[in-house]
Amino acid sequence: MSRELRVDWPACRARGLCHELLPEIVQLDPWGYPLVTGEVTEDLLADARAAVRACPRLALRIVGS
């Protein structure tokens, strides 16, 4: 089962909360925007869902089967 975290770039405002909640696969660029560096594995799924729910701009989603 392959899942990935996607960022809605127009909605994102570079607050960095996703990095705080999911530092294993979300890094920040020099301006604070998220760079997703890996896929959402089973052991990260709960944290990824928490990051999606916590995003103040609703700019994250998990996609894949």
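Please read these numbers as outputs of a predicted model, since none were measured by experiment.

(A) A look at helix α2 (residues 45-54). The complete set of buried residues in α2 reads Leu 45, Ala 48, Ala 51 and Val 52. The buried residues of α2 all sit within an arc of 120° when viewed along its axis, so they share a single face. What points out from α2, more than 90 degrees from its buried face, is the exposed set Ala 46 and Arg 53. Tucked into the core, α2 has its buried residues touching β1 (3-7), α1 (17-21) and β4 (60-64).

(B) Spotlight on the state of the cysteines. Within this structure, the stated rule accounts for 0 disulfides. The cysteine Cys 12 is free of any disulfide, with Cys 18 supplying the nearest cysteine sulfur at 6.4 Å. Residue Cys 12 is classed as buried on the basis of its relative accessible area, which comes to 9%.

The rules behind the values
Residues numbered from 1 in each chain as written. Predicted model: local features only at pLDDT ≥ 70, side-chain atom pairs only at ≥ 80, totals over all residues. Heavy atoms only, no water. Buried < 20%, exposed > 50% of the residue type's maximum accessible area, 1.4 Å probe, protein only. Helix = DSSP H or I, 4+ residues; strand = E, 2+ residues; numbered from the N terminus. Arc of directions from axis to C-beta. Contact = heavy atoms within 4.5 Å. Disulfide = S-S within 2.5 Å.

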